[in-house]
Amino acid sequence: MNITIISTINGIGNQTEAVDIKVYPNPTKDNLNVNMNGLRNDIILELTDINGKIIQNLKVEANQDNILKTLDLSNVARGVYLLNIKDRENSKTVRVVKY
């Protein structure tokens with residue numbers, strides 16, 4: 001998986017599958033978009049604070065080619081958070097800044 005400033009992530013699941021996950025905007029003020037393309041397995045999006053407290057937890061079913069989920073961070077305090085993206089075999093973490 002590759003993570004860039006807009007947090008493009010490749011390779012959740014089997015390494016031969018083309019999976020693309022984009023997390024944007026980052027930093028964010030209110031909403032965090034997670035765009036997933038090519039999912040073959042269901043995944044879990046888990047937003048935690050830096051102490052590990054779960055802020056939001058969302059299961060995403062791999063039932064279509066292009067999936068967009070928006071996490072509402074408007075009621076979350078400013079700071080640094082971790083977005084954990086997990087399937088049954090792999091896990092990747094994206095650092096998210098809320099301002």
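The following paragraphs examine the structure supplied in this document. (Residues numbered from 1 in each chain as written. Predicted model: local features only at pLDDT ≥ 70, side-chain atom pairs only at ≥ 80, totals over all residues. Heavy atoms only, no water.)

1. Brief notes about the side chain of aspartate 20
Argument step 1. Structurally, aspartate 20 can be placed in strand β2 (residues 20–24).
Argument step 2. Given the relative accessible area of 18%, aspartate 20 is considered buried.
Argument step 3. A polar atom in the side chain of aspartate 20 sits 2.5 Å from the side chain of lysine 22. (Helix = DSSP H or I, 4+ residues; strand = E, 2+ residues; numbered from the N terminus. Buried < 20%, exposed > 50% of the residue type's maximum accessible area, 1.4 Å probe, protein only. Polar contact = N/O pair within 3.5 Å; in protein donor to acceptor, adjacent residues only side chain to side chain.)

2. Digging into the nonpolar core
Argument step 1. Grouped together as the largest cluster of nonpolar side chains are 20 residues, with contacts concentrated most on Ile21, Val23, Met36, Ile43, Leu83 and Ile85.
Argument step 2. Those elements that provide at least two residues to this core are β2, β3 (31–37), β4 (43–49), β6 (66–72), β7 (79–86) and β8 (91–98).
Argument step 3. Not counting residues within four places of it along the chain, the set of residues in contact with leucine 83 comprises Val23, Leu32, Val34, Leu45, Glu46, Leu47, Leu71, Lys92, Thr93, Val94 and Val96. (Core = buried A, V, L, I, M, F, W, Y, C linked by side-chain atoms within 4.5 Å. Contact = heavy atoms within 4.5 Å.)

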